[in-house]
Structure formats: structure tokens, C-alpha cells
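Structural description and commentary
What follows is the residue order along each chain.
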Amino acid sequence: MTPSTRLEHDFLGELPIPNDAYYGIQTLRALENFHITGIPVKVEPLFVQALAFVKKGAALANKELGVLDPTIADYIALACDRVASGEFDNQFLTDMIQGGAGTSVNMNANEVIANVALELMGHQKGEYQYCHPNNHVNCSQSTNDAYPTAFRIALNNKLVGYRDMLSQLADAFAQKGEEFQNVLKMGRTQLQDAVPMSMGDEFRAFATNLREELLRIDDSRRLIAEINMGATAIGTRVNAPAGYPELVTQHLRQITGLDLSLAGDLIEATYDTGAYVQLSGVLKRTAVKLSKICNDLRLLASGPRAGLFEINLPALQPGSSIMPGKVNPVVPEVVNQTAFYVIGADLTVTMAAEAGQLQLNVMEPVISFALFTSISYMTNACRTLREKCVLGITANAQHAASMVYNSIGIVTQLNPVLGYETAASIAKEALATGKSVHDIAVTERHLLTQEKWDEIFTFENLIRPVFMK
């Protein structure tokens, strides 16, 4: 003990705690034991906020049910409001990955809230006889219901920001779709010339592809809105008064503004992590789509002289330390890499969910770390792709159109008029000689008139084909 410390105890012994610390001995033990990621809980302020929401809801329910002194409950609620506001985020120092199924995070919250409440009551930090982390702040709770409930609340709120950013990215692609509607280009399958299309349709398809994911996010949010608060240790409601699970859920709905619901089977809900697997799969699915789109952008912008060069991406930085003038598609590249991380994190969630045993899954901390990180990275990737790339894309319209008319792929348009075999022979000759499809079909073989050619190969008929013979 020194003048700058206070002595706290648990059933393992005593430890000195810095006087200015709002956390206590169990948080200190976690700081000594878990040096894994170096990333503390405070980096997820929505999680800290959600923990405060849970503790406030519990205090109010316990007060109504007569199991917690009204004065203590009121001070706990006031302390929770201050913690939820972000005032004490710097006191949440436990590593995001830890043993104990999240007990260290739960106790970190219990100790900080207890000490904030003590100061509000006019007492010193650590005078737990007046407001105790376990007896009062954790009343009618276990880590096994408080941690996952806070986790689900935080996930719900974090997904709001991600969903908004993904929606803005989809809108940016749709905007480019309108801008590029009159740009004719060649569609491709297996990286080979296919048939003509509008570049606007290509970019609108990117938007549609991403907007599908907004619905999947909404589905996931509904799944994780089911909570097990009141289950306590394993779902049997041990140490929780009658009516507590329903009442605390009601309070949490009011506090969070979320449409939370109490699980019908608290024993099942206490060990089940299926909703996290579903959400992780949604994040992976979107990451795969986003990475595919970025691959397409890189291909479409390849060149400038020896590639497709149908679009220009914003030039953000020199691309080489040796090749002067080279500019790389750095934003699509970084989004690709972000997607690879999220895809890998999905496997982490899958393995952690599978590792649950009997009445509890102790691996929830790594699930929370993986999901929080993936959502953050995907949010940042969507923002970066939109702001630094998509909004600044321009089309090389003349070059794209010239590739259409010089391609062999346009011969497909002649199938209904000339038949597949004749069209194939034209394609073969064009490939062998370098002549255009037009010259072979119209000028040399006289298989159709120039008027018929012009009727077939209008811009509108190329991008919105109408069957004609």
C-alpha cells in the first residue's frame, strides 16, 4: 500500500489498486493474466455502453422487485448513465480475448460502475460495503447472461452504422449506373468477349448486388435481438427473483430503444451461438461480393495501354518506387484484403461456436472480437471504397465502344438472322484474319444489307436486345 493506492481483496487474496482507477481487483487480475491482442474493451465504446445499459436495466428491475435497496439502485442507475455516455471508457482495459467466458469484462463493468456510484454517494472508491460490484451491481445476474446480452445490444447498434455505410456505397454505384447509362461496352464471360451491354447496367448491377445484403443485415439484427437476460448461470434463473427476466427485458427495451425479446428457452439460449454464426456468415457473404466487385474494378481499369482501360479510377498515389508514372488501384486492393480478413474471421466464429460445451460456450470473447472487428473493418472498407474510389470513377466511353465494334462477340447478334453455323464461320474468319465482323458479313459475303446491319446494331438494340430475324 502507498498513498496513491487502495487495497482490495477477492477470495484469492489482496492487491493494491491505483487510487485514481475506477476498476478493481478482478480487472487488475485480468490485466495481469491476458496479454493477447493488446486491444482493450474500450476500443468498442458501443460494447461499454451496452454493458452500462444492462447493469442499469438490472438495477431498475431489482429495485422494482424489492431485492435491491432503492437508494443503491438509483445510484447504480446514475453511474450507468455516466458510463454509457463514454465518460469512463478509459477504465475498460481488459483484453478483448480472454479466458472465463467474459467474466473479466463483466467484472470490469461491475467494478467501474460500483466505484462511480460510490463517489456519487459521497464515499471513496473501494468502500464496497456501500455499493458492491457483485452483491449490488451484479445482482440477479451472471456473466453468462449479462455479457451476451450486452454483446447483442452492441452488435445491433454497431450494425446500424455498417448498414448505413453499405447502403451509401450501393447508392454510389447506382449513381454511376445512371451516369454511364449511354456508355456502350463489351460484356465478358470467362474473361472472353461475350455480348455488348451498357456500362450503366454493369454499375447498377453492382448496386443491386450490395443492396441484397442490406436485407440480410436486417435479418441478422432480428436474430440477435433475442436475449437471455435473467438466465443467470446456466438458464435455470438461479439467484434471480420471480418475474425478473421479463421485467429486466422490458427495461432494456426502454433503455436501448431496441426491439429486444426474451428467449423462450433460457437454458438453450445461454449456450447457443447460432445467431453469431449467421451474422458472421452475412458479413462473409458481403465481403465476398465486395471483393468480387473490386476485382472487376481492377480489371476494368487495367492498362492504361495494355489492359481493358474501360474506366479510370481516381489517381491517389504513385504506384511504384521504380516505374515512373505507374498508378495502382490501391483502394480496391485494400478492400480485397479487408474481405480476406473478414472471410477468415468467419472461420474463427464458426470454430468458436462449435467449441461450446454443455450449458455454456466459453469462447464468446473471441466471437465478440471477431464480429466487432469484422463490422468495423467492413464499415471502413465501404466508406473508403465509396469516397476514395467509386465517386471518382470516370468512363472511357469512346475506347469502350470501339472495342465493342471491333470485337468478334457481336456476331452473336446475327444468330437469329444468319443461324449459328454461319455466324460461327464469320467469327472464325474474323479471328484468323483480323477482319471485322461487319466487313465479312456485309461487304465480302453479302449475307445482309447495310440497312439490316444498322437495324440490328443500334445502341438501344445492343443494350436492350429485341429478337429479330
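Being a predicted model, the structure only gives us computed values, none of them experimental.

**Focus: the UniProt feature "domain: Fumarase C C-terminal" (unreviewed entry) in the protein**
What UniProt calls "domain: Fumarase C C-terminal" (unreviewed entry) maps, in this numbering, to residues 410-463. Between the end C-alpha atoms of residues 410-463 there is a gap of 12 Å, over a span that is 70% helix and 0% strand.

**Focus: helix α1 (residues 25-33)**
Considered for burial, the residues of α1 that qualify are I25, T27, L28, R29 and A30. Where α1 is buried, its residues contact β1 (5-10), β2 (13-18) and α4 (103-121).

**Considering the pairing of strand β4 (residues 192-198)**
Of the pairings in the sheet, the one linking strand β3 (residues 184-189) to β4 comprises 5 bridges and is antiparallel in character. Within the sheet, the bridge partner assigned to L184 lies in β4 and is S198.

**Considerations on the UniProt feature "domain: Fumarate lyase N-terminal" (unreviewed entry) in the protein**
Mapped onto this numbering, the UniProt entry gives "domain: Fumarate lyase N-terminal" (unreviewed entry) at residues 14-344. Structurally, residues 14-344 is divided into 58% helix and 7% strand, and its ends, taken at the C-alpha atoms, are 41 Å apart.

**Brief notes about the nonpolar core**
Counting residues in hydrophobic clusters, the biggest one holds 110 residues, and the most contacted among them are F47, F173, L297 and L385. Counting residues per element, this core draws most heavily on helix α6 (residues 143-179), at 16 residues. Setting aside residues up to four positions removed in sequence, F47 forms contacts with V41, V105, Y147, A150, F151, A154 and F372.

**Details of unusual backbone geometry**
Most peptide bonds adopt trans geometry, and most residues besides glycine take a negative phi value. G303 connects to P304 through a cis peptide bond whose omega is 10°. Assignment of secondary structure puts P304 in the loop between α10 (274-300) and β7 (311-312). Located in the positive-phi region is F309, a residue other than glycine, with phi close to 55°. Inspection of the secondary structure assignment puts F309 in the loop between α10 and β7.

**Overview of the packing of helix α3 (residues 70-84) against α4**
Two elements in contact, α3 and α4, have axes separated by 8 Å at closest approach and are oriented at 115°. As judged from the angle between their axes, α3 and α4 are roughly perpendicular. Relative to α4, the crossing made by α3 is right-handed. Every residue of α4 that contacts α3 at I72, Y75, I76, L78, A79, C80, R82 and V83 is listed here: V112, I113, V116, A117, L120 and M121. For the contact of α3 with α4, the per-class residue count stands at 13 nonpolar, no polar and 1 charged.

**A short note on the packing of aromatic side chains**
Counted by the stated rule, this structure contains 12 aromatic pairs. On the basis of an interplanar angle of 75° and a centroid distance of 5.3 Å, the ring pair of F151 and F372 is categorised as edge-to-face. In this pair, F151 is assigned in helix α6 and F372 in helix α12 (residues 364-388), connecting sequence segments 221 residues apart. Accessibility expressed as a relative area gives 0% for F151, which makes it buried. Ring geometry for F173 against F203: centres 6.1 Å apart, planes inclined by 40°, an arrangement best described as tilted. Taken together, the residues span a long stretch of sequence, with F173 in helix α6 and F203 in helix α7 (residues 199-223) at a distance of 30 residues. Aromatic rings pair up to connect F47, Y147, F151, Y276 and F372 into one cluster.

**With respect to a nonpolar patch on the surface**
On the surface, a cluster of nonpolar side chains totalling about 260 Å² of accessible area is made up of V288, F340 and I343. Following the sequence through the fold, F340 ends up in helix α11 (residues 330-354).

Conventions we followed
- Residues numbered from 1 in each chain as written.
- Predicted model: local features only at pLDDT ≥ 70, side-chain atom pairs only at ≥ 80, totals over all residues.
- Heavy atoms only, no water.
- UniProt positions renumbered as here; feature names shortened; annotations may be inferred.
- Helix = DSSP H or I, 4+ residues; strand = E, 2+ residues; numbered from the N terminus.
- Buried < 20%, exposed > 50% of the residue type's maximum accessible area, 1.4 Å probe, protein only.
- Contact = heavy atoms within 4.5 Å.
- Pairing = 2+ DSSP bridges.
- Core = buried A, V, L, I, M, F, W, Y, C linked by side-chain atoms within 4.5 Å.
- Axes fitted to C-alpha atoms, helices over the stretch in contact; angles between N-to-C directions.
- Parallel < 35°, antiparallel > 145°, perpendicular 65-115°, else oblique.
- Left-handed = near helix turned anticlockwise from the far one by under 90°.
- Nonpolar A, V, L, I, M, F, W, Y, C, P; charged D, E, K, R; others polar.
- Phe/Tyr/Trp six-rings, centres within 6.5 Å; stacked < 30°, edge-to-face > 60°.
- Patch = residues over 30% accessible without salt bridge, like charges linked within 9 Å, V, L, I, M, F, W, Y side chains within 5 Å.
- Areas by Shrake-Rupley, 256 points an atom, 1.4 Å probe, with all protein chains shown as cover.
- Salt bridge = Lys/Arg side-chain N within 4 Å of Asp/Glu carboxyl O.

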